[in-house]
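Now for the letters of each chain:
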Amino acid sequence: MDRPLVPFRQFVLKMHSRCDLACDHCYVYEHADTSWRGRPKSTSDEVLVRTAERIAEHAKAHRLTDVHVVLHGGEPLLAGPAKLRRAAEELNRALFQVCALDLRIHTNGVLLDERFLDLFDEFDIKVGISLDGDKASNDRHRRYADGRSSHPQVLRAVALLDRPEYRHLYAGLLCTIDVANDPVAVYDALVALDPPRIDFLLPHATWDQPPTRPDGHETPYADWLLTVFDRWEAQGRPVPVRMFDSVLRTLDGLSSLTESLGLDPADLVVIETDGSLEQADSLKTAFDGAPATGFDVFADDFDSAARHPGMIDRQSGLDGLSEKCRSCPVVRSCGGGLYAHRYRTGEGFDNPSVFCPDLMQLINGVEHRVQAASQVAVPSAAAGPLTDGELGELASGYGSANTVLALTDAQLGLGRTLLEELWWRAEPDRRARAAWDLITALDAEAPQALDRVLAHPYTRAWIVGCLTGPRGDRRGSSGPPADLGGLAEIAAAAALRAGWRIGGSDAVAVPVRNGVLRLPTLGRVLLDGCAEALVRATGDGFAVEAGGETLRFPWKNADDAPDPRWQPLNRAEAPGGPFGPWTVSLEDTDPHRDAHQWPVADRLGSGEVAAWQAGLAEAWALIGADLPGYADGLAAGLSVITPLRRGADGSETSSAARNAFGAVGIARPVGSDILALLAVHEFQHVKLGAVLDLHDLFDPKDTRLFYAPWRPDPRPLEGLLQGTYAHLAVTEFWRSRRRASGLDESAARRAELEFARWREHTAQAVETLAGSGALTPLGERFAAGMRATVTPWLNDPVEGWAALAAQRSAAETRAGFEERSGAGARQSAARR
């Protein structure tokens, strides 16, 4: 049977085939392939027009919602502003009303100036820059042909991108690893440039031309990367790192963010300056002509290229790997490594990666560190267990305000216990002791003010971050100490809430990190040129003493603060309905809000705050009318919404964080109905996480994986339980929407289909849980409560086409699950 065609979603469009640098590790000019010599230096208008038309044709044929185009080279800026403008115009013209366009450019940065950036701003072209770290590291390879350093020019380009008018175009930094470079120096130099993302790339190599291994060491690249990982973790993961994020995601059964890891099918094609269609550029390191397909944009469509044997090999997942890889325990994270790195003359690509030992060590090293971090005990004795009645309410999927407040009280108790655990483990200095003394005094004299701060979702996220990894070691152990600056932030915020005047020798010294003084639950103050500041309450607000200057801010009426250095926490209130008003904080100031799996949004402008206010008001009205069983508990427990960045395709992104009770992350959708769905859906995860902190619902030693009807990859029991519980609310949402009046035909059909699909999925999942044999007696009662909610919905009549579509969806997911499970069983048998 023919394998279904995997459409391309990523298009690398070569604007220029030459470069103004002479990097000796470049795969285009310094490796096996020499095709660049015969290519036009710059692409033509004819190629640009035809490429744009072919991409639109491909997107229409496969009903793609978005495509990603990278303007590349050589060095694409050599094509000049006029040619780059033509490329952007043609792509936008062809794709208008076809699908969303995510347009980017990758450059060495040496020619980047305001002319280019103004053009990129006009067309929303995001800019990625290649930089190998500090000057010594970068100069090892990235030089001009005459040997001059390119480092100053690249730093100038990054500084331009970091200006406020261009910052939104800054996509990130790409760094090629050289193990001769100091990993900490490289990482610190990159982080100092405040990039939105960092990509570390292994140098291109094959079995014919293996990578440098100093002194014959087997895993120098893993050791280098793990050193960076440890520093990244110790700093609280201040920036997304694509390689690390991909390892963490694949270990959790999610998709990779890079072609070099994971089993996801490759969906990338290259368009050369003459219009030729090629496979990934990395193949140029294998042999001369390796990326060629024989197709071009004038004579061939992209479907033809997608059927090329080389493309198919990179889309075959586990089946496309060597026998050794298929039997490897880390194959689902590694994915055999980058396709080009598997090449050996005479054997082709039917080999493990030449970096195989490094990838194994890296993945196992990350997994070991994550597992060690997760072993911080969450003390269940911090609060009493829930009553049978409260558990029954929650098991049904709902939960009254009083029941959710019981969860809130229990979570506050947990937070207090964890804070005491941190203090017991820590090695406090004088400032930390002063902060702890103030916290103790506040607990005695103003406990409500202290509780407000301790109950903030990201206070616990900070505490757990301190307790995990080397920083959480007990006193006297090796490794860097826990970062206790958060104690002073908690103390200062609580003191301000209590209206305490803190002055003289008793003033709290609060750290200033990256120019930010954090006051959890209140906001942040932007301060340059100082490492700490003194904070005290005043009659009508608070004062900050820093750098010999005293700044005064009104905090109770913070929205009227004229000083832009004070950024108060935004709040939105949905007006009262049947369940009264719902007030939430729009958390866009706390640095620990990145506990969610998706990137968080930057500080919201006034227009975006107003859009959130309007959207939440409409969403709250819908929840009250259509989902009354959830409204009361939601208003009582969901106090923080953290705005996330929208995906390139405007997708409906949302997330809950296990150690941030009371918060959910949402990228604001266009429709208020979807905002209501995302809020209710994610708060289900929040509620269940709080229940699991108090009660054992399943055997944690049971490591089996189970079928989840909504995804093809096997899931651990807790993942299945979390998904099932969240989908109770999803099912009820669509059940309500299909009965709503005033829906157009498209919306009505979607509601019919989604209800049919989610009730089928959720009912199946409940039965899988109930029959797992891994639930505790309390867990069995919890599953019975979920079954009692979903079973009556199975009697709701649905249209025949929707029922068939739901069954087909379940069958397709089951087939994917069985394929993956069978592969896993074969691996286990091979290991035995």
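See the structure printed just above.
The structure contained in this document is the topic of the report that follows. (Residues numbered from 1 in each chain as written. Predicted model: local features only at pLDDT ≥ 70, side-chain atom pairs only at ≥ 80, totals over all residues. Heavy atoms only, no water.)

What follows concerns the sheet that holds strand 13 (residues 532-537). The sheet built from 4 strands is open, its strands ordered 10-13-14-15 with antiparallel pairing. Edge strands, defined here as strands with exactly one partner in the open sheet, are strand 10 (508-511) and strand 15 (549-553). This sheet shows a mean twist of 30° between the axes of neighbouring strands, independent of strand direction. In this structure, strand 14 (residues 542-546) lies alongside strand 15, joined through 5 bridges in antiparallel fashion. Within strand 15, the residue paired with glutamate 545 across the bridge is threonine 550. Along the sheet face, helix 19 (residues 485-498) touches strand 10, strand 13 and strand 14 and points at about 125° away from the line of strand 10. (Pairing = 2+ DSSP bridges. Helix = DSSP H or I, 4+ residues; strand = E, 2+ residues; numbered from the N terminus. Axes fitted to C-alpha atoms, helices over the stretch in contact; angles between N-to-C directions. Contact = heavy atoms within 4.5 Å.)

With that settled, the discussion passes to the sheet that holds strand 9 (residues 292-296). Ordered by their spatial adjacency, 9 strands build an open sheet running 6-5-4-3-2-1-7-8-9, and the pairing between neighbours is mixed. On the outer flanks of this sheet lie strand 6 (198-201) and strand 9, each paired with one strand and no other. For this sheet, the mean angle separating the axes of adjacent strands, direction not counted, is 25°. Two strands pair when backbone bridges link them, and strand 8 (residues 276-278) and strand 9 are joined in this way by 3 bridges, in the antiparallel orientation. Within strand 9, the residue paired with serine 276 across the bridge is aspartate 296.

Before going further, it helps to spend a moment on the packing of aromatic side chains. Scanning the model with the defined rule gives 21 aromatic pairs in all. Between tryptophan 423 and tryptophan 436, the ring centres sit 4.7 Å apart and the planes meet at 5°, which makes this aromatic pair stacked. Within this pair, whereas tryptophan 423 is found in helix 15 (residues 401-425), its partner tryptophan 436 is found in helix 16 (residues 430-445), the two being separated by 13 residues in sequence. Given the relative accessible area of 16%, tryptophan 423 is considered buried. Taken together, the aromatic side chains of Phe200, Trp224, Phe229, Trp232 and Phe244 make up a single cluster linked through ring pairs. The ring centre of phenylalanine 116 lies 5.2 Å from the NZ or CZ of arginine 115, which sits over that ring. When the ring centre of tyrosine 144 is taken as origin, the NZ or CZ atom of arginine 148, which lies over that ring, is 4.1 Å away. (Phe/Tyr/Trp six-rings, centres within 6.5 Å; stacked < 30°, edge-to-face > 60°. Buried < 20%, exposed > 50% of the residue type's maximum accessible area, 1.4 Å probe, protein only. Lys NZ or Arg CZ within 6 Å of the ring centre and 35° of its normal.)

This paragraph deals with helix 22 (residues 672-694). With 23 residues, helix 22 ought to run about 33 Å at 1.5 Å a step, and its terminal C-alpha atoms sit 34 Å apart, in line with that. Within helix 22, 21 of the 23 residues are buried, which leaves it mostly tucked inside the rest of the structure. (Expected span 1.5 Å × (residues − 1).)

This part takes up the nonpolar core. Formed by 98 residues in total, the largest nonpolar core has its most connected members in Leu112, Phe120 and Phe200. With 8 residues, helix 7 (residues 220-234) is the single largest residue contributor to this core. Apart from the residues within four sequence positions on either side, phenylalanine 120 is in contact with Leu77, Leu84, Ile105, Leu112, Ile125, Val127 and Leu169. Judged by nonpolar contacts, the second largest core, of 71 residues, contains Leu386, Ala574, Ala690 and Ala763. (Core = buried A, V, L, I, M, F, W, Y, C linked by side-chain atoms within 4.5 Å.)

The tally for this structure, following the rule as stated, stands at 52 salt bridges. Salt-bridge contacts for aspartate 693 lead to arginine 658; the nearest nitrogen and oxygen are separated by 3.1 Å. Highlighted residues: aspartate 693 in helix 22 and arginine 658 in the loop between strand 20 (654-655) and strand 21 (663-666), separated in sequence by 35 residues. Aspartate 693 gets classed as buried once you look at its relative accessible area, which sits at 7%. What makes arginine 658 partly exposed here is its relative accessible area of 37%. Salt bridges here are not isolated pairs; linked through shared partners, they connect Lys14, Arg39, Glu272, Asp274, Glu278, Asp281 and Lys284. (Salt bridge = Lys/Arg side-chain N within 4 Å of Asp/Glu carboxyl O.)

Moving on, we come to the environment of valine 297. Relative to the helices and strands, valine 297 is located in the loop between strand 9 and helix 9 (302-306). On the accessibility criterion, valine 297 (1% relative accessible area) is buried. Separated by 247 residues in the primary sequence, valine 297 and arginine 50 have C-alpha atoms spaced 6.3 Å apart. When sequence neighbours within four positions are dropped, the list of residues in contact with valine 297 reads Arg50, Thr51, Arg54, Ile271, Gly275 and Leu277.

Where helix 1 (residues 45-61) contacts helix 2 (residues 80-95), the two axes come as close as 8 Å, and the packing angle between them is 25°. Taken as axis vectors, helix 1 and helix 2 run roughly parallel relative to one another. In terms of crossing hand, the pair formed by helix 1 and helix 2 is right-handed. Facing helix 1, whose interface residues are Asp45, Leu48, Val49, Ala52, Glu53, Ile55 and Ala56, helix 2 presents Lys83, Arg86, Ala87, Glu90, Leu91, Arg93, Ala94 and Leu95. (Parallel < 35°, antiparallel > 145°, perpendicular 65-115°, else oblique. Left-handed = near helix turned anticlockwise from the far one by under 90°.)

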